[in-house]
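# Fold and contact review
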Amino acid sequence: MKMAGFYDESISNGLGWRAVLFVSGCPHNCPGCQNKMAQSFDYGEEFDKQKIIDKICENSILKGITISGGEPLCKENVKEVMDFIKDVKKVRPNFNVWCYSGYTIEELKNRNDEITNQALKEIDVLVDGRFVQEKKDPTLKFRGSSNQRILDVQKCIQENRIVQVAL
Ligand code: SF4
């Protein structure tokens, strides 16, 4: 997997101070995508998991990690993203994990794929759905268009319904 970028601290990609990893590669090709270069699986630099974990460990103000892209949960990236989250939690067990995906949670569950299901178990908050230009709204917090939802993933799974995070 390649990565399109990394912020070692940010407050605009989820609640609280967070590290943000942007993975490369996305199959959705949403019109108006703000990160078009990251749609290519060849864009950016080789993802060096240990290097990123070391950077996270250096910063004590961080409360969590956000995985964005690109598409973290496409079939090409999902396993490496899941392994990364698991390894981050080994050194930062209280970290809160946000993930941005162009797939809806329903699409991810309907894959019936063991790796995807395991990855979802590692994620606290999923901002789901493709970016829809006609629904773009700059006043929205943490999302680009109004079709996207900010989901409490564990409640969605346990209660088998859509549970959005109250911000
Ligand atoms: S899902 Fe995100 S990265 Fe992928 S094409 Fe759509 S806006 Fe761009």
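## Regarding a nonpolar patch on the surface
Together, Ile11, Trp17 and Ile61 make up an exposed nonpolar region whose accessible area comes to about 280 Å². Following the sequence through the fold, Ile61 ends up in the loop between α1 (49-58) and β4 (64-68). The class of Ile61 is partly exposed, set by a relative accessible area of 36%.

## Things to note about the nonpolar core
Among the nonpolar cores identified, the biggest contains 35 residues, and Leu21, Ile56, Ile65, Ile67 and Phe84 are the most heavily contacted of them. Sorting elements by how many residues they give to this core places helix α2 (residues 78-91) first, with six residues. What Ile56 contacts, discounting residues up to four positions off in sequence, is Phe6, Ala19, Leu62, Ile65, Phe84, Val88, Arg92 and Phe95. In terms of nonpolar packing, the next biggest core, distinct from the first, is built from six residues, Trp98, Tyr100, Val127 and Phe142 among them.

## What about the site of the ligand?
Close to the ligand lie Cys26, His28, Asn29, Cys30, Cys33, Gln39, Gly70, Gly102 and Phe131, which account for all nearby residues. Taken together, the residues that form the shell around the ligand break down as four nonpolar, five polar and no charged.

## Details of the pattern of salt bridges
A full pass over the atoms with the stated rule returns ten salt bridges. Taking the shortest distance from any N to any O, the salt bridge between Glu45 and Lys51 comes out at 4.0 Å. Here Glu45 falls in the partly exposed class, since its relative accessible area comes to 43%. Overall, the relative accessible area of 42% leaves Lys51 in the partly exposed class.

## A short note on the sheet that holds strand β2 (residues 18-23)
The seven strands lie next to each other as β3-β1-β2-β4-β5-β6-β7, forming an open sheet whose pairing is mixed. Each edge of the sheet is formed by a strand with only one pairing partner; in this case those strands are β3 (45-46) and β7 (149-152). Sheet topology places strand β5 (residues 96-101) next to strand β6 (residues 125-128); four bridges connect them, and they run parallel. Paired with Trp98 across the bridge in β6 is Val125. Across the sheet, α1 lies against β1 (2-10), β2, β3 and β4, angled at about 5° from β1, the strand it touches most. Packed on one face of the sheet, α2 meets β2, β4 and β5 and runs near 170° to β4.

## Points about helix α4 (residues 114-121)
The α-helix winds at 3.6 residues per turn, so residues separated by three or four positions along the chain end up facing the same way. Every buried residue of α4 is accounted for by Thr116, Ala119 and Leu120. Buried residues of α4, seen end-on, are gathered within an arc of 100° and therefore sit on one face of the element. For α4, the exposed residues set more than 90 degrees away from the buried face come down to Glu114 and Lys121. Buried residues in α4 make contact with α2, α3 (105-110) and α5 (153-159).

## Concerning the packing of aromatic side chains
Taken as a whole, this structure holds three aromatic pairs when the rule is applied. Against the face of Tyr103 rests Arg111, its NZ or CZ located 4.7 Å from the ring centre.

## Points about α2
Helix length check: α2, at 14 residues, gives a terminal C-alpha distance of 21 Å against a target of 20 Å (1.5 Å per residue), a fit within 8%. Residues of α2 that are buried: Val78, Val81, Met82, Phe84, Ile85, Asp87 and Val88. On the buried face of α2, the contacting elements are β2, α1, β4, β5 and α4.

## Let's talk about the pairing of β5
For β5, the tally of buried residues reaches five of six residues, placing the bulk of the element in the interior. In terms of strand pairing, β4 meets β5 through four bridges, oriented parallel. Among the inter-strand pairings, Ile67 is bridged to a residue of β5, identified as Cys99. Following the backbone out of β4, through α2 and into the adjacent parallel β5, one traces a crossover that is right-handed.

Conventions used here
Residues numbered from 1 in each chain as written. Predicted model: local features only at pLDDT ≥ 70, side-chain atom pairs only at ≥ 80, totals over all residues. Heavy atoms only, no water. Patch = residues over 30% accessible without salt bridge, like charges linked within 9 Å, V, L, I, M, F, W, Y side chains within 5 Å. Areas by Shrake-Rupley, 256 points an atom, 1.4 Å probe, with all protein chains shown as cover. Salt bridge = Lys/Arg side-chain N within 4 Å of Asp/Glu carboxyl O. Helix = DSSP H or I, 4+ residues; strand = E, 2+ residues; numbered from the N terminus. Buried < 20%, exposed > 50% of the residue type's maximum accessible area, 1.4 Å probe, protein only. Core = buried A, V, L, I, M, F, W, Y, C linked by side-chain atoms within 4.5 Å. Contact = heavy atoms within 4.5 Å. Near = heavy atom within 4 Å. Nonpolar A, V, L, I, M, F, W, Y, C, P; charged D, E, K, R; others polar. Pairing = 2+ DSSP bridges. Axes fitted to C-alpha atoms, helices over the stretch in contact; angles between N-to-C directions. Arc of directions from axis to C-beta. Phe/Tyr/Trp six-rings, centres within 6.5 Å; stacked < 30°, edge-to-face > 60°. Lys NZ or Arg CZ within 6 Å of the ring centre and 35° of its normal. Expected span 1.5 Å × (residues − 1). Right-handed = clockwise from strand over helix to strand, strands pointing away.

So yeah, pure geometry; function would need other evidence.
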